[in-house]
Amino acid sequence: MKDINITYLEYLRKDRGLTQIEVSKALNKCNSYYTGKVNNNMRFTSQDIVQLIQIFGMDHTEILTLLGVL
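Residues numbered from 1 in each chain as written. Predicted model: local features only at pLDDT ≥ 70, side-chain atom pairs only at ≥ 80, totals over all residues. Heavy atoms only, no water.

**Re the side chain of lysine 37**
In this fold, lysine 37 is placed in helix α3 (residues 33–39). Buried within the structure, lysine 37 lacks any salt-bridge partner; its nearest side chain of opposite charge belongs to aspartate 48, at an N-O separation of 4.7 Å. Here lysine 37 is in contact with Met42, Arg43, Phe44 and Asp48, once residues within four sequence places are set aside. (Helix = DSSP H or I, 4+ residues; strand = E, 2+ residues; numbered from the N terminus. Buried < 20%, exposed > 50% of the residue type's maximum accessible area, 1.4 Å probe, protein only. Lys, Arg positive; Asp, Glu negative; His and termini not counted. Salt bridge = Lys/Arg side-chain N within 4 Å of Asp/Glu carboxyl O. Contact = heavy atoms within 4.5 Å.)

**Some thoughts on the pattern of salt bridges**
In total, this model carries four salt bridges according to the counting rule given. Measuring nitrogen to oxygen at the nearest pair gives 2.8 Å for the salt bridge that ties arginine 43 to aspartate 3. Here the residue arginine 43 occupies a position in the loop between α3 and α4 (46–56), and aspartate 3 occupies one in the segment before α1 (6–15), the gap between them amounting to 40 residues. Residue class for aspartate 3 comes out partly exposed when judged on its relative accessible area of 46%. A salt bridge links arginine 13 to glutamate 10, with the shortest nitrogen-to-oxygen separation between them at 2.7 Å.

**So, the environment of glycine 68**
Topologically, glycine 68 is positioned in the segment after α5 (60–66). As a C-alpha pair, glycine 68 and methionine 58 span 10 residues in sequence and 14 Å in three-dimensional space.

**Here's the deal with the packing of aromatic side chains**
Two numbers describe a pair of aromatic rings. These are the distance of the centres and the angle of the planes. On inspection of all chains with the given rule, the structure shows two aromatic pairs. Ring geometry for tyrosine 34 and phenylalanine 44: centres 5.8 Å apart, planes at 40 degrees, overall tilted. Of this pair, tyrosine 34 sits in helix α3 while phenylalanine 44 sits in the loop between α3 and α4, and the two are 10 residues apart along the sequence. Comparing tyrosine 34 with phenylalanine 44, the two get one shared label, buried. The residue whose ring lies beneath lysine 29 is tyrosine 33, and the NZ or CZ to ring-centre distance is 5.2 Å. (Phe/Tyr/Trp six-rings, centres within 6.5 Å; stacked < 30°, edge-to-face > 60°. Lys NZ or Arg CZ within 6 Å of the ring centre and 35° of its normal.)

So this is what it looks like as structure tokens:
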């Protein structure tokens, strides 16, 4: 998966009122999964991205911004 805009992803997470642990749990991963990906700037899998779009309820503009298209 292409690199995503981590800063924007974190903005969306905070805007939705979710903790990093809550996002990890929503991804069905260990509590530190999301934090590790964000803090170490590690790539999310394509499946993670699809799930994050659903978890955050992103619209088209938000998805394109996350992916660095806009």
